[in-house]
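Below, each chain spelled out in residue letters.
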Amino acid sequence: YRQTLQMRRDYIGKSCKLHFEVAPIKIVRGSKQYLYDDTGQEFLDCVNNTSHVGHCHPHVVSAGQEQMAKLTSSFGFLNDQTALYAKRLISTLPETLCVCFFVSSGSEGNDLALRLAASYTKRHDVICLDGAYHGNLGTLVEISPVRHRKNHQIKDWVHIAPTPNTYRGKLDSSAPNPGPLYANEVRKIIQKAKQNGREIGAFISEPVITASGIVVPPENYFAHVYNYVHESGGVCISDEVQCGLGRCGEHFWGFQMHNVVPDIVTIGKPIANGYPLAAVITTKEIADSLTDFSSTFGGNPVACAIGRAVLDVIENEKLTSSAKNVGKCLKDGFKAIQHKHPMIGDVRGVGMLVGVELVMDKTSKKPAKESAEILAYKLKEKKIIIGIEGADKNVLVLLPPLCFTTDNARFVVQNFSEALA
Ligand code: PMP
């Protein structure tokens with residue numbers, strides 16, 4: 001452990017943060033919703049939404065191993081795995097979204113989505129939300145204000161709209177129709193840009209704003225925003241890197257719960273259960289507007305064989321409805337303890353995406369950042385790994401592998417309550 005920690009500190013960039021920076025866990029093995037450290041201790045993993053169907057799921061492992069032994073790279077050649085997977089992934093989407101591009105990370109996917117939007121609309125301006133995170137590439141750093149805004153000047157092609165957060169945003173949930181009211185902010189941005197001689201090419205958002213601490217936009221927000229953007233000639237991108245593939249429960253894709261159809265969808269993290277793979281799916285017209293694209297590792301046969309196996313497991317084990325039911329149990333559990341704890345300001349989420357916002361008190365809603373961190377460390381002592389998100393780093397977030405059970409949910413809520421007390 002010490003040697004690994006020292007090597008990490010000597011050779012890896014300081015800005016690459018670990019969970020529990022002060023005393024990181026050395027993980028050597030994963031199975032289902034559990035992680036095991038180098039001393040054999042078992043941790044309940046509540047944050048790893050990349051190992052979507054469970055760590056090292058045997059069906060996924062054997063699909064990968066089998067393909068790995070046959071062919072790992074088919075770049076520039078025809079291969080069944082890539083074609084079959086594209087067809088299968090597209091079959092989960094509305095019929096307008098019928099062309100797929102493969103890359104290796106969510107960031108590459110969002111960068112490509114912006115390129116596609118620009119090539120189709122011939123406009124480069126983008127609207128993003130102030131609580132957004134879309135990735136680590138140059139373009140995405142510019143449109144991920146929640147993490148990067150403090151560091152530099154906002155670029156002239158970036159237009160920032162308020163995150164529709166009804167707990168601590170501009171408008172609370174008691175305002176009549178907060179969704180359309182927040183959407184109106186986007187309309188104003190489009191108009192103002194026009195007055196300044198700029199045209200919006202794309203609007204990008206997650207269906208649930210995870211980086212803001214699992215903020216679920218109010219009803220009709222996206223329906224209105226998508227109308228305004230389309231009316232003005234722009235396209236809408238749904239970043240499903242965290243929310244897609246059944247995580248929101250009930251619906252396979254996050255945008256479906258908002259009754260909208262995006263022009264471009266991006267997906268990364270969960271699609272290959274931790275193996276690097278991401279995809280951008282769009283309409284034929286938008287796809288055909290880009291004349292040249294290549295990605296060496298994007299859509300390699302191993303990643304695609306794994307991707308198909310992940311879809312098999314989601315279907316066979318009915319993980320989308322499990323995300324709905326177990327997620328409800330988790331959220332209801334936190335709601336039930338909220339009145340006992342003056343520090344639990346808000347409990348929110350959908351499916352297996354749950355956020356618990358800690359505040360100093362419920363009236364001032366002052367973010368309790370330090371307490372959130374202490375609580376995460378206390379839960380680690382209880383062998384539960386939980387994440388922290390939000391602009392003020394005061395929202396405890398849970399996005400576990402979808403094999404998480406109702407017993408796991410009850411266990412987490414009980415321990416959370418004890419630790420917070
Ligand atoms: N979009 C969202 C919503 C994300 O949460 C992330 C990663 N946390 C990304 C894009 C970038 O994905 P990656 O780290 O695979 O590049």
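Residues numbered from 1 in each chain as written. Predicted model: local features only at pLDDT ≥ 70, side-chain atom pairs only at ≥ 80, totals over all residues.

S.K.: Explanation requested: helix α10 (residues 301-316) in the structure shown.
M.R.: Since the α-helix packs 3.6 residues into each turn, any two residues three or four apart lie on the same face. The end-to-end C-alpha distance of α10 is 22 Å, a good match for the 22 Å that 16 residues give at a rise of 1.5 Å each. Buried residues of α10: Pro301, Val302, Ala303, Cys304, Ala305, Ile306, Gly307, Ala309, Val310, Val313 and Ile314, and no others. Elements that come into contact with the buried residues of α10 comprise α2 (58-68), α3 (80-90) and α11 (319-338). Of the residues flanking the end of α10, it is lysine 318, one or two places downstream, whose phi is positive at about 50°. (Helix = DSSP H or I, 4+ residues; strand = E, 2+ residues; numbered from the N terminus. Expected span 1.5 Å × (residues − 1). Buried ≥ 20, exposed ≤ 12 C-beta atoms within 10 Å, placed from the backbone. Contact = placed C-beta atoms within 7 Å.)

S.K.: So what exactly am I meant to see when it comes to the nonpolar core here?
M.R.: Across soluble globular proteins, you tend to see nonpolar side chains buried next to one another. Counting 119 residues, the largest nonpolar core has Ala117, Phe203, Ala279 and Leu396 as the members making the most contacts within it. Residue contributions to this core peak at nine residues, all from α10. When sequence neighbours within four positions are dropped, the list of residues in contact with alanine 279 reads Leu89, Cys100, Phe101, Phe102, Gly109, Ile267 and Ile271. (Core = buried A, V, L, I, M, F, W, Y, C linked by C-beta atoms within 7 Å.)

S.K.: Looking at this structure, how should I read the sheet that holds strand β10 (residues 278-282)?
M.R.: In any sheet, the strands associate via hydrogen bonds between backbone groups, in a parallel or an antiparallel arrangement. Pairing is mixed across the open sheet formed by seven strands, whose spatial order is β4-β10-β9-β8-β7-β5-β6. Of all strands in the sheet, those bounded by a partner on one side alone are β4 (99-103) and β6 (158-161). Put simply, the sheet's adjacent strands are angled 20° from each other on average, direction ignored. Across five bridges, the pairing between β4 and β10 is antiparallel. Bridge pairing in β10 links cysteine 100 to isoleucine 281. Packed on one face of the sheet, α3 meets β4 and β10 and runs near 120° to β4. (Pairing = 2+ DSSP bridges. Axes fitted to C-alpha atoms, helices over the stretch in contact; angles between N-to-C directions.)

S.K.: In this structure, what is going on with the site of the ligand? I would like to understand it.
M.R.: Around the ligand, a shell composed of 15 residues is seen, among which Ser105, Gly106, Ser107, Gly135 and Val241 lie nearest. When residues of the shell around the ligand are assigned to their parent elements, the largest contribution, three residues, is made by helix α4 (residues 106-121). Tallied by class, residues from the shell around the ligand come to two nonpolar, ten polar and three charged. (Near = placed C-beta within 6 Å. Nonpolar A, V, L, I, M, F, W, Y, C, P; charged D, E, K, R; others polar.)

S.K.: Would you take a moment to explain helix α8 (residues 221-231) for this structure?
M.R.: Residues of α8 that are buried: Tyr221, Phe222, Val225, Tyr226, Tyr228 and Val229. Buried residues along α8 cover an arc of 160° about the axis, so they all sit on one side. Summarising the contacts, the buried residues of α8 are in contact with α7 (178-195), β7 (200-205) and β8 (235-239). (Arc of directions from axis to C-beta.)

S.K.: Looking at this model, I keep getting lost on the sheet that holds strand β1 (residues 27-31). Mind explaining?
M.R.: Ordered by their spatial adjacency, four strands build an open sheet running β1-β2-β3-β13, and the pairing between neighbours is mixed. Only two strands of the sheet have a single partner each, and these edge strands are β1 and β13 (384-385). As paired elements, strand β2 (residues 34-37) and strand β3 (residues 42-45) share three bridges and run antiparallel to each other. Across the sheet, tyrosine 34 pairs through a bridge with leucine 44, a residue of β3.

S.K.: What exactly am I supposed to notice about the packing of α11 against helix α13 (residues 406-420) here?
M.R.: Where α11 contacts α13, the two axes come as close as 9 Å, and the packing angle between them is 20°. Of the possible angle classes, the one that applies to α11 and α13 is roughly parallel. Crossing geometry of α11 relative to α13 is assigned as right-handed. Between α11 and α13, the contacting residues are Val326, Cys329, Leu330, Gly333, Phe334 and Ile337 on the first element and Thr406, Ala409, Arg410, Val413 and Ser417 on the second. Here the residues of the contact of α11 with α13 sort into seven nonpolar, three polar and one charged. (Parallel < 35°, antiparallel > 145°, perpendicular 65-115°, else oblique. Left-handed = near helix turned anticlockwise from the far one by under 90°.)

Treat this as a map of the structure, not an account of what it does.
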